[in-house]
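Coordinate analysis (summary)
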Amino acid sequence: MKVKPYSTYEELQAYIENQFDYLQMQDDNLQIGFSKRTLQRDIKEIRNVFGIDIEYSKSQKGYFISQNENENMNFQRMMEAFDMFNSLNLAQDLTPFIHLEKRRPQGTENLYGLLHAIKNRLQIKFNYQKFWEEELSQRFVEPYALKEFKNRWYIMAKDSKDNNIKSFALDRLTNLEITNQTYQYPDNYSIEQSYRYCFGIISPNDEEPQDIILSFDPFQGKYIKTLPLHNTQQVLVDNDEEMKIKLKLCLTHDLVMELLSFGDNMKVIEPKSLADQIKQAHEKAYRQY
């Protein structure tokens with residue numbers, strides 16, 4: 001898509017026919033028809049099912065995917081999932097080749113209903129169980145967005161109890177009820193802006209982001225380069241002795257937990273307050289032994 005963003009009908013037809021030959025080797029009973037009429041039908045289906053708009057450019061004489069930055073991220077994630085599903089589906093015997101993680105987050109059965117409520121601006125009710133509280137609490141909220149963090153899903157919503165926007169983990173949410181009461185999305189709120197300098201799911205609560213400098217050993221540094229900790233990450237030093245990066249983030253609990261996971265492969269250079277916090281946590285862990 002990046003190499004050649006515009007494709008003619010003839011190029012799309014040639015690609016489909018090539019893919020058809022490959023798929024027919026897997027299933028010789030497979031029948032696929034392709035024409036300009038079916039292409040227009042498929043474009044509508046792609047828009048309805050995946051939310052991806054495919055348009056035709058007269059100036060470029062080709063079809064292209066029209067999307068903004070956020071839609072592009074969703075599209076890339078969807079294509080990754082589709083590639084994985086397609087690979088699994090075509091494999092005859094997965095056991096010797098693919099070993100999937102056996103754990104999966106709870107609560108994902110509510111994803112479709114929550115998306116419906118968000119898209120149609122419908123208020124929802126549910127029971128919520130905090131890990132540190134024994135009793136369930138009923139919540140009546142305005143759902144704004146879904147957010148993923150470390151294989152867990154969260155619903156970002158305004159709680160009617162105190163009118164604060166909070167995150168609710170789907171694995172602690174039960175008895176979901178989608179009401180017919182609508183709401184108005186606040187004009188002055190943006191999920192993206194609220195979490196712009198936040199690592200994880202915990203809201204920074206108006207805390208100002210800070211410049212964070214971390215030093216990794218060269219081996220760990222290779223992982224940090226290929227999977228950055230955050231989109232603010234900048235590489236300052238990269239040599240045989242260390243890989244030093246700079247981040248601009250709020251100092252939340254999620255960030256501290258992530259940094260602790262690197263153990264002795266990482267050192268906090270700045271700010272001192274974060275370095276002291278990491279040091280104290282490691283000392284406390286050491287004293288347990």
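In this text, all values refer to a predicted model and were calculated from it rather than measured experimentally.

Let's shift gears to the overall build of the protein. Counting its secondary structure elements, the protein contains 8 helices and 11 strands. Within the protein, the fraction of its 289 residues that count as buried is 30%. As displayed, the protein offers around 20500 Å² of accessible surface, 49% of which is attributable to carbon and sulfur atoms.

Our focus in this paragraph is the nonpolar core. Residues Leu214, Leu229 and Leu259 are the most contacted members of the largest nonpolar core, which totals 47 residues. Setting aside residues no more than four positions away along its own chain, leucine 259 makes contact with Leu214, Leu229, Met266, Val268, Leu274 and Ile278.

Turning our eyes to something else, we now look at the pairing of strand S2 (residues 62-66). Note that strand S1 (residues 53-57) and S2 share 5 bridges and pair antiparallel. Bridge pairing in S2 links glutamate 55 to phenylalanine 64. From the end of S1 to the start of S2, which pair antiparallel, there are 4 residues, and lysine 61 there has a positive phi angle of about 55°.

To continue, consider the pairing of strand S8 (residues 210-216). The element S8 is largely enclosed, with a buried count of 5 among its 7 residues. One ladder, built from 7 bridges, connects S8 with strand S10 (residues 243-249); its direction is antiparallel. Bridge assignment links isoleucine 213 to a residue of S10, and that residue is lysine 246. One ladder, built from 4 bridges, connects S8 with strand S11 (residues 266-270); its direction is antiparallel.

The next point concerns helix H4 (residues 111-119). Burial in H4 covers these residues: Leu111, Gly113, Leu114, Ala117 and Ile118. When H4 is viewed along its axis, its buried side chains cluster within an angular range of 165° and face the same direction. Within H4, the exposed residues directed more than 90 degrees away from the buried face are Tyr112 and Lys119. Contact partners of the buried residues in H4: strand S3 (122-128), strand S4 (137-149), strand S5 (152-159) and strand S7 (173-182). Positive backbone phi, approximately 55°, marks arginine 121, located one or two places after H4.

What follows covers the side chain of asparagine 110. Note that asparagine 110 resides in the loop between helix H3 (69-90) and H4. By relative accessible area, which is 14% here, asparagine 110 ends up buried. The residues contacting asparagine 110, other than those within four sequence positions of it, are Leu173 and Leu176.

Let's shift gears to the sheet that holds S7. A sheet is described by the order of its strands in space; here 5 strands give the open sequence S6-S5-S4-S3-S7, paired in antiparallel fashion. The open sheet has two edge strands, strand S6 (165-169) and S7, and neither has a second partner. Taken over all neighbouring pairs, the strand axes of this sheet differ in orientation by 45° on average, direction set aside. Bridge count for S4 against S5 is 8 bridges, and the pairing is antiparallel. Across the sheet, glutamate 148 pairs through a bridge with tryptophan 153, a residue of S5. Relative to S4, H4 is tilted by about 100°, and along the sheet it contacts S3, S4, S5 and S7.

A few words now on the packing of helix H7 (residues 253-260) against helix H8 (residues 272-287). Close contact between H7 and H8 brings their axes to 11 Å; oriented N to C, the two are set at 60°. Relative to H8, H7 is oriented oblique. In the crossing of H7 with H8, the sense of the turn from one axis to the other is right-handed. Residues Val256, Leu259 and Leu260 of H7 form the contact with H8, whose own contacting residues are Leu274, Gln277, Ile278, Ala281 and His282.

On to helix H6 (residues 218-226), then. For H6, the set of buried residues is Gln220, Gly221 and Ile224. Around the axis of H6, the buried residues are gathered within 105° of arc, so they sit on the same side. Among the exposed residues of H6, those pointing more than 90 degrees away from its buried face are Phe219, Lys222 and Thr226. Looking at the buried side of H6, the elements it contacts are S8 and S10.

Moving on to unusual backbone geometry. The omega angle of the peptide bond from glutamate 270 to proline 271 is -5°, so this bond is cis rather than trans. The residue proline 271 is located in the loop between S11 and H8 in this model. Positive phi is not limited to glycine here, since arginine 121 has a value of about 55°. Its place among the elements puts arginine 121 in the loop between H4 and S3. Note on arginine 121: relative accessible area 31%, which makes it partly exposed. At asparagine 175, a position not held by glycine, the phi torsion is positive, near 55°. Within the secondary structure, asparagine 175 sits in strand S7. Given a relative accessible area of 58%, asparagine 175 falls into the exposed group.

Calculation rules
Residues numbered from 1 in each chain as written. Predicted model: local features only at pLDDT ≥ 70, side-chain atom pairs only at ≥ 80, totals over all residues. Heavy atoms only, no water. Helix = DSSP H or I, 4+ residues; strand = E, 2+ residues; numbered from the N terminus. Buried < 20%, exposed > 50% of the residue type's maximum accessible area, 1.4 Å probe, protein only. Areas by Shrake-Rupley, 256 points an atom, 1.4 Å probe, with all protein chains shown as cover. Core = buried A, V, L, I, M, F, W, Y, C linked by side-chain atoms within 4.5 Å. Contact = heavy atoms within 4.5 Å. Pairing = 2+ DSSP bridges. Arc of directions from axis to C-beta. Axes fitted to C-alpha atoms, helices over the stretch in contact; angles between N-to-C directions. Parallel < 35°, antiparallel > 145°, perpendicular 65-115°, else oblique. Left-handed = near helix turned anticlockwise from the far one by under 90°.

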